[in-house]
Every structure is written in C-alpha cells, then in structure tokens.
Amino acid sequence: MATQAAAQRRFSFLQIAITLQTLTIFLQAVSAGLLLTSPYGETLHSAGARVMYGASVLYVLAAVLAWKPGGGSPRPIWHASGFLVLASVQVALGIAHIPSVHLPLGVLMFGLSVLALARR
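None of these values were measured; they are calculated from a predicted model.

**Section: the side chain of Ser 113**
Alright, step 1. Examined against the element boundaries, Ser 113 turns out to sit in helix α4 (residues 99–119).
Alright, step 2. If sequence neighbours within four positions are ignored, Ser 113 has contacts with Ile 18, Gln 21, Thr 22, Ile 25 and Phe 83.

**Some words on the packing of helix α2 (residues 41–67) against helix α3 (residues 75–95)**
Alright, step 1. Across the interface, α2 lies against α3 with an axial gap of 8 Å and an inter-helix angle of 165°. Here α3 runs roughly antiparallel to α2, going by the angle between their axes. Like other packed secondary-structure pairs, α2 and α3 cross with a definite hand, here left-handed. Here α2 contributes Met 52, Tyr 53, Ser 56, Val 57, Tyr 59, Val 60, Ala 63, Val 64 and Trp 67 to the contact with α3, which in turn contributes Pro 76, Ile 77, His 79, Ala 80, Ser 81, Phe 83, Leu 84, Ala 87, Ser 88 and Val 91.
Alright, step 2. Considered class by class, the residues forming the contact of α2 with α3 number 15 nonpolar, four polar and no charged.

Cut-offs and rules
- Residues numbered from 1 in each chain as written.
- Predicted model: local features only at pLDDT ≥ 70, side-chain atom pairs only at ≥ 80, totals over all residues.
- Heavy atoms only, no water.
- Helix = DSSP H or I, 4+ residues; strand = E, 2+ residues; numbered from the N terminus.
- Contact = heavy atoms within 4.5 Å.
- Axes fitted to C-alpha atoms, helices over the stretch in contact; angles between N-to-C directions.
- Parallel < 35°, antiparallel > 145°, perpendicular 65-115°, else oblique.
- Left-handed = near helix turned anticlockwise from the far one by under 90°.
- Nonpolar A, V, L, I, M, F, W, Y, C, P; charged D, E, K, R; others polar.

Now the structure itself:
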C-alpha cells in the first residue's frame, strides 16, 4: 500500500511538471505577442524563456524520479529529454534572432507538450 501511495505522488509530480511546462510554453506565445506590441515584451519573453527552460529541466527530473524507484518504463525520460533538447534549440534560435524557425518550433513544442499532458 505504501508503494502505491508513493507511485501516486511520483505520478502527481510528473503531471505537475508537464502541466508547468505546457503553461510556460503557452505564456511564451503570449509574451511573443507582447514582444511585437509593447516596450516591455522583450523583457517578459526573455524571462519567460528562462522559466520555460527550467520547467523542461524539472520535467526531466520528475520523469527520472518517477521511473527510478519503480523500475518502470524509461519512455517518459526520453520524452522529457527530447523536450529539453527542443527547449535548448528554441533558446539558441531566439538568441540568434531566427524567427522563421523559432516560431514554428514553439508551436510544435506547445502541441507536443499538450499531447504529453493529455497522455498523463
């Protein structure tokens, strides 16, 4: 019974991490719109990028913690690691000011994150 309760907590932490990641990616889209229309948009988008990256790291940590004690499938770790790679590419593209790839990649990341959230 104690292991089942621990599994519920790990599952909850993983779900929270995916939810946080999805929310931060959505807020990045909002701040991108502000970037085009307001003087403080760049500051918000830059700060949001750091938070989004941190949420992706948290997702990897949550996936490892959910897998390691229970010995389940490592598939969530691969998914979370993939998001971290995408987040890294996204940040690099943003710094390099390559919106022709940065924007579609952001849309793809949001869609994949919603899909991951729906699977949990």
